[in-house]
Amino acid sequence: MSDRHDDVPPPCFDCAENPTERLIEMFVGIVQKRRIALGQKPAERPVFRKLHGVAHGELRMLPNLPPDLKVGVFAYDVLPAWVRISSDTSPTSPDLLSTVGIGIKVFGVPGPKAWDEGADGDTADFIMQNYPVFFVDDARAMCEFTYAGVVQGDYPGYLAKHKKTADILNKMETVQGSVLTTTYWGILPFGAGGGTIVKYRLDPETPPQNIPNDAPNYMATDMENRLSEREYRFRFMVQRRTDPATMPLDQAMVEWPESESPFVQVATLTLARQDVAALGQSEYGQALAFNIFRVPPVQAPVPESSIAAVRKAVYAASAHTRHEANGQQLTDPRQPRVPAPVTIPQPDGMPIQPVGDDCIVKAAIYPSIGIARVGNSPDAYFIGPETPDPAPMPPGFYRDGHHRLKRQAARFRIYGVNAKGQIVRELTGADHDVKIEWTVQLANTKSAWYGFQLALDIPEAASAPPTVLRNPWAPDRAQLAITPAAQSAGGRRSEVHKFNGSFVGTDVYLGEIFTDDEARLLVLGGHGVSASRDGTRAITFANNEGWHDDVSDGPVTASVHLNGTKLDVVPAWVIVAPPNYGPQRKSVRTMWDLMRDVAIKAGTLPAPVRPSFTHDILPIFERMNGLQWVNAGFAAGFGWKAPFDLTTPAGIAQLADRSAANQEKRRVLSNQFRRFNVDSWSPVPWPWLYGDAMNIPTPPTPRAYATLSDCQLAMLDQWAAGDFETDYDASHIPPATIDQVPVAEQGDVLTKAALDFCLADAFHPGCEMTWPVRSASMYMAPFRFLHAPAGWVEPGMGEVLTFEAMQIPNGPLAGQLAGGVTRWMAVPWQTDTASCRSGYDKAYDPYVPSFWPARVPNQVLTKANYDIVMKKDAPMTERLAAFANRAAWIAPLGNTSYTDQINNMIAHFDHMGVVEVRQGPKDTDAFPPVLEVEDRHDPIPDVLDHRLKLGGQSHGSAARSGGLHAGAPGSSRAVDITGIDKFRRFPLGLPVRFE
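In this text the structure is predicted, and so the values were computed from the model without any measurement. (Residues numbered from 1 in each chain as written. Predicted model: local features only at pLDDT ≥ 70, side-chain atom pairs only at ≥ 80, totals over all residues. Heavy atoms only, no water.)

**Regarding the overall build of the protein chain**
Scanning the protein chain from N- to C-terminus turns up 19 helices and 32 strands. Expressed along its principal axes, the backbone C-alpha trace of the protein chain runs to roughly 105 × 70 × 55 Å. The 995 residues of the protein chain split such that 58% are buried. Element-wise, carbon and sulfur atoms account for 55% of the exposed surface of the protein chain, whose accessible area totals about 38800 Å². Across the protein chain, the mean location of the 93 positive side-chain charges is 2 Å away from that of the 111 negative side-chain charges. (Helix = DSSP H or I, 4+ residues; strand = E, 2+ residues; numbered from the N terminus. Buried < 20%, exposed > 50% of the residue type's maximum accessible area, 1.4 Å probe, protein only. Areas by Shrake-Rupley, 256 points an atom, 1.4 Å probe, with all protein chains shown as cover. Lys, Arg positive; Asp, Glu negative; His and termini not counted. Charge placed at Lys NZ, Arg CZ, Asp CG, Glu CD.)

**What about helix α4 (residues 163-172)?**
Within α4, the full set of buried residues consists of Thr 165, Ala 166, Ile 168 and Met 172. Axial view of α4: buried residues confined to an arc of 165°, hence all on one face. Residues of α4 that are exposed and angled more than 90 degrees away from the buried face: Lys 163 and Asn 170. Buried-residue contacts for α4 involve β4 (123-129), α2 (139-151) and α3 (155-161). (Arc of directions from axis to C-beta. Contact = heavy atoms within 4.5 Å.)

**Considering the nonpolar core**
Counting 153 residues, the largest nonpolar core has Phe 412, Met 595, Phe 621, Met 769 and Phe 785 as the members making the most contacts within it. Setting aside anything within four residues of it in sequence, one finds Phe 621 in contact with Leu 646, Thr 647, Leu 655, Leu 669, Phe 673, Trp 686 and Trp 719. Leu 79, Val 179, Leu 188 and Tyr 284 belong to the second-largest nonpolar core, a separate cluster that totals 83 residues. (Core = buried A, V, L, I, M, F, W, Y, C linked by side-chain atoms within 4.5 Å.)

**Regarding unusual backbone geometry**
Residue Pro 42 is reached from Lys 41 by a cis peptide bond, and omega for that bond is -10°. Locating Pro 42 in the fold gives a position in the loop between α1 (19-37) and β1 (50-61). Residue Pro 828 is bonded to the preceding Val 827 through a cis peptide linkage, with omega at -10°. Tracing the backbone through its elements, the reader meets Pro 828 in the loop between β28 (800-801) and α16 (829-833). In the Ramachandran plot, Asn 563 falls in the positive-phi region, its phi being about 55° despite a non-glycine side chain. Structurally, Asn 563 is set in the loop between β23 (552-562) and β24 (565-570). The exposure class of Asn 563 is exposed, given its relative accessible area of 59%.

**As for the environment of Phe 909**
Looking at the secondary structure, you find Phe 909 in the loop between α19 (898-908) and β31 (915-919). If we ignore the near neighbours within four places in the chain, the residues touching Phe 909 are Gly 375, Asn 376, Leu 405, His 527, Gly 528, Pro 579, Tyr 581, Trp 829, Gln 830 and Asn 904.

**Description of the packing of helix α12 (residues 663-670) against helix α14 (residues 710-720)**
For the pair α12 and α14, the least separation of the axes is 8 Å and the interaxial angle reads 160°. Classified by the angle between their axes, α12 and α14 sit roughly antiparallel to one another. The way α12 lies across α14 gives a crossing that is left-handed. Contacts between α12 and α14 involve Gln 663, Arg 666, Arg 667, Leu 669 and Ser 670 from the first element and Leu 716, Asp 717, Trp 719 and Ala 720 from the second. Per-class residue counts for the contact of α12 with α14 are 4 nonpolar, 2 polar and 3 charged. (Axes fitted to C-alpha atoms, helices over the stretch in contact; angles between N-to-C directions. Parallel < 35°, antiparallel > 145°, perpendicular 65-115°, else oblique. Left-handed = near helix turned anticlockwise from the far one by under 90°. Nonpolar A, V, L, I, M, F, W, Y, C, P; charged D, E, K, R; others polar.)

**Concerning the pattern of salt bridges**
Enumeration according to the criterion identifies 54 salt bridges in this entry. A salt bridge links Glu 231 to Arg 233; the shortest N-O distance between them is 2.6 Å. According to the relative accessible area criterion, Glu 231 is partly exposed, its value standing at 35%. A salt bridge links Arg 918 to Glu 916; its shortest N-O distance comes to 3.5 Å. Of the residues examined, Arg 918 reaches a relative accessible area of 17% and is grouped as buried. A single salt-bridge network, built from bridges that share partners, covers Glu 386, Arg 411, Arg 413, Glu 426, Asp 516 and Arg 520. (Salt bridge = Lys/Arg side-chain N within 4 Å of Asp/Glu carboxyl O.)

**Examining α12**
Taken residue by residue, α12 has Gln 663, Arg 666, Leu 669 and Ser 670 as its buried positions. Taken around the axis of α12, the buried residues stretch over an arc of 130°, which confines them to a single face. For α12, the elements touching its buried residues are α9 (613-626), α11 (649-655) and α14.

**Regarding the packing of aromatic side chains**
The final tally for this structure, using the stated rule, is 47 aromatic pairs. Taking 5.5 Å as the distance between ring centres and 75° as the angle between the ring planes, the aromatic pair formed by Phe 145 and Tyr 158 counts as edge-to-face. Here Phe 145 is found in helix α2, whereas its partner Tyr 158 is found in helix α3, with 13 residues between them in sequence. Each member of the pair Phe 145 and Tyr 158 is classed as buried. For the pair Tyr 690 and Phe 851, a centre-to-centre distance of 5.5 Å together with 45° between the ring planes defines the contact as tilted. (Phe/Tyr/Trp six-rings, centres within 6.5 Å; stacked < 30°, edge-to-face > 60°.)

**Let's talk about the side chain of Thr 196**
Residue placement: Thr 196 occurs in the loop between β6 (190-191) and β7 (197-204). For Thr 196, a relative accessible area of 17% translates into the label buried. A distance of 3.1 Å separates a polar side-chain atom of Thr 196 from the backbone oxygen of Gly 193. (Polar contact = N/O pair within 3.5 Å; in protein donor to acceptor, adjacent residues only side chain to side chain.)

**Comments concerning the state of the cysteines**
By definition, a disulfide links the sulfur atoms of two cysteines through a covalent bond. Taken as a whole and judged by the stated rule, the model has 1 disulfide. Disulfide pairing is shown between Cys 15 and Cys 143; the S-S distance is 1.9 Å. A torsion of -65° about the S-S bond marks the disulfide between Cys 15 and Cys 143 as left-handed. Of this pair, Cys 15 sits in the segment before α1 while Cys 143 sits in helix α2; the two residues are 128 residues apart in sequence, bridging distant segments of the chain. Of the two residues, Cys 15 and Cys 143, neither departs from the other in class, the shared state being buried. Free cysteine: Cys 767, not disulfide-bonded; nearest cysteine sulfur from Cys 836 at 7.2 Å. (Disulfide = S-S within 2.5 Å.)

**Digging into the pairing of strand β19 (residues 506-515)**
In terms of residue burial, β19 counts as a mostly covered element, since 8 of its 10 residues are buried. Strand direction decides the pairing type here: strand β18 (residues 497-503) and β19, joined by 7 bridges, are antiparallel. What sits directly across from Lys 498, in β19, is Glu 512. Where β19 meets strand β20 (residues 521-524), 4 bridges bridge the pair, whose relative direction is antiparallel. By the bridge assignment, Phe 514 is partnered in β20 with Leu 522. Between the end of β19 and the start of β20, which pair antiparallel, lie 5 residues, with Ala 519 showing a positive phi angle near 65°. (Pairing = 2+ DSSP bridges.)

**A word on the packing of α9 against α14**
One can describe the packing of α9 onto α14 by two numbers: an axis separation of 11 Å at closest approach and a directional angle of 105°. In terms of axis orientation, α9 runs roughly perpendicular to α14. Residue-level inspection shows Phe 613, Asp 616, Ile 617, Ile 620, Phe 621 and Arg 623 of α9 in contact with α14, the latter providing Gln 712, Met 715, Leu 716 and Trp 719. Here the contact of α9 with α14 is composed, by residue class, of 7 nonpolar, 1 polar and 2 charged.

Structure, rendered in structure tokens:
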């Protein structure tokens with residue numbers, strides 16, 4: 001019997017005689033329409049509002065069903081189905097302890113339906129929940145219960161008087177680990193053939209794993225994760241009514257005893273493997289309307305069930321209100337939505353999409369931004385990375401026979417693309433139907449531009465001295481700009497075309513171009529020559545008056561004819577940057593990461609729906625581990641057998657596991673990364689790198705330290721919640737050359753390879769590029785700079801440059817001229833490279849945070865110590881000590897004065913060590929199988945007498961204590977010989993810190 005009290009609503013409310021009208025009034029007129037009036041968009045259902053997912057599948061009936069069950073929907077063999085799974089709570093409420101429901105709509109069931117006389121259609125609906133009974137018996141009790149909450153706002157008072165209802169509601173708050181492994185009941189009785197009456201149940205074939213989960217939306221994440229990996233099946237069960245005494249029709253709080261009538265299977269509901277987050281899938285499911293009377297008449301809810309009757313009317317009224325508010329027609333679809341194709345994550349990134357259309361309508365140059373680097377070898381060069389994971393080069397590769405640094409060439413290719421912008425094929429000189437002529441313009445306009453004080457797009461710029469013109473003494477500022485004529489090269493194996501310019505009457509060589517055997521373009525930069533017009537010494541990190549260097553940048557364009565037809569060509573850009581002294585290392589946030597974030601925020605690139613573990617999450621931890629070879633603090637924190645060495649096979653297996661068992665570990669690790677709104681003032685959060693405003697004096701600034709891009713942090717949040725692609729394959733070897741990449745993907749891979757080895761850490765000012773690249777107005781497309789129109793003259797900006805003035809149309813942050821990207825950098829580059837180090841606050845930690853360790857190492861394993869590590873007959877203690885030693889990379893520059901150091905760097909930048917990959921010992925597992933070792937650590941000859949005497953030590957030793965956290969005291973730390981460094985930044989107006 002019901003435990004209803006008749007004194008809940010007043011008699012005039014009429015729950016006894018008109019429960020249907022009153023429930024429509026409360027659910028639709030009061031609750032649903034009030035939410036819509038308050039601005040709910042899109043309009044939602046009044047109940048089961050929190051969506052976990054919408055999925056497609058099929059309902060396949062068992063053969064040889066008995067006649068009383070093989071009726072209505074169950075008379076068919078197989079029917080397509082769509083399901084909507086949700087909780088009876090608000091969309092912002094947590095999933096834990098909510099009531100879960102499933103609506104099933106099957107297609108291909110023509111004919112009249114029970115929900116309205118004369119109505120027909122091609123669908124049928126089933127609605128179930130994850131508890132076997134309802135919390136009230138009948139329509140009157142439902143009306144009274146709803147009145148107590150909706151009208152009186154006193155559910156607790158009602159439940160205090162209705163203990164049975166309260167008890168059922170408490171039991172409905174069960175822990176459900178997954179909506180795909182829970183059991184669902186139809187609750188109400190339905191008709192079947194021959195007068196049979198049944199109840200429905202869905203039994204999962206996968207046993208439940210009901211682990212409590214405090215993530216607010218874990219059910220949606222779990223559903224998406226599971227269905228992305230495999231299909232899930234439910235047994236569709238029915239229970240015949242055999243005893244009216246124990247199986248009442250209008251007492252929904254009573255569970256029919258299985259001991260008297262067990263459930264039997266009639267069908268299998270299979271939810272296919274799919275991407276639940278496919279575009280439009282959730283919206284499709286949200287627009288569907290479900291009603292338990294939308295079934296063949298033979299399967300109608302039994303008339304005696306008063307709750308079924310009110311459900312029919314309330315569901316119909318709420319569906320009408322919702323669809324009307326959303327501008328949707330309330331018509332049931334006759335055909336199911338076509339399922340989105342399943343995209344299987346590939347080890348190398350995005351799934352390969354077939355091009356289909358091979359009609360080439362234009363050409364595009366890739367990489368869209370190429371990176372060349374200076375070197376002082378007169379002839380030797382190498383081609384820069386063309387895949388994000390290139391194979392390491394053999395020792396000595398980066399130097400010529402005289403130990404001079406080779407230049408890095410940027411190689412460009414042309415691809416034919418179809419109307420969608422998809423690459424069809426590469427267009428090369430080997431193709432008889434292709435004619436290519438390249439044109440490149442390089443320029444160095446640093447000395448004619450403004451000096452660097454601080455990135456102008458951050459608030460802290462107001463604390464820096466004014467950004468004024470460099471070299472104000474020059475009446476003819478054109479003499480300060482090194483602007484050689486554009487050069488062109490065509491065909492295969494072209495001759496060399498050089499960029500020869502001048503600086504205040506002094507000849508300056510910026511590089512050269514030529515083509516290879518396939519008519520691909522190679523761009524080489526200068527030789528690292530920096531000089532003063534009058535022989536004065538450099539004195540500061542960025543703004544040395546009268547100086548120039550030979551880095552550069554500029555547009556890369558081409559004229560392309562295919563079968564005699566000239567194609568429009570999407571142009572590219574080339575940056576000539578300083579050398580890369582850590583060629584295998586990437587920073588935690590690369591330039592590709594930053595430009596990806598810029599494009600997402602600008603709406604020109606979609607944000608990832610689900611991050612790839614292999615390509616979005618794991619690299620963050622791998623990069624911090626890799627910085628062990630260029631920074632002692634990272635070695636102690638993230639390196640070999642360090643506390644945060646998370647890149648071991650066991651560590652990766654845990655990181656890649658998206659189960660609830662590892663959720664808190666993921667959350668804790670994600671929380672270690674700096675969030676500006678939480679811990680921006682502290683040097684402790686990862687990634688232990690300085691930020692744009694690291695030199696602003698007290699009070700501290702939130703940008704003193706770096707963080708990841710917003711996109712990276714968002715993906716870490718998803719990863720922490722378990723919402724990511726588990727696409728890691730330990731046996732997979734990423735492509736080492738571009739030829740191993742499918743041609744349709746080569747363009748994007750070439751661009752990522754170039755930009756992954758560029759820094760986006762502290763733009764102070766930077767290594768390859770600096771803060772203007774954060775401006776979306778600089779791009780014509782993601783990762784592709786906008787070119788200034790031919791003949792365009794940039795407007796003058798005055799003697800003092802401000803960020804506000806730069807916002808003018810066609811200003812410095814719009815289309816670019818040759819030299820426009822590198823002009824913001826230090827003059828000369830060597831003074832900045834020699835200034836940017838690590839561990840400025842020795843009271844905190846002498847090694848972290850760091851500036852640019854991936855390009856400019858801080859502490860390194862020397863060749864001498866590597867030789868000791870490799871000695872099989874040496875005592876293990878000696879070998880371990882040698883491995884732990886990390887020498888100051890800057891040591892060859894001497895320890896006399898800051899001015900001496902930066903000028904030594906200008907004259908002898910090739911004496912600085914390149915960190916190379918070498919094999920580790922094979923006789924023991926005490927060391928990594930692969931080590932990275934500085935190739936030279938020789939003092940510069942003319943500063944030999946000033947080098948620091950360190951006795952038997954190799955310039956110090958880095959902490960390798962297993963329990964050491966960077967920032968805590970260690971027993972053996974690298975000796976600092978950095979002298980005066982990048983805290984000496986502002987020449988006037990701000991305090992200067994001396995070490």
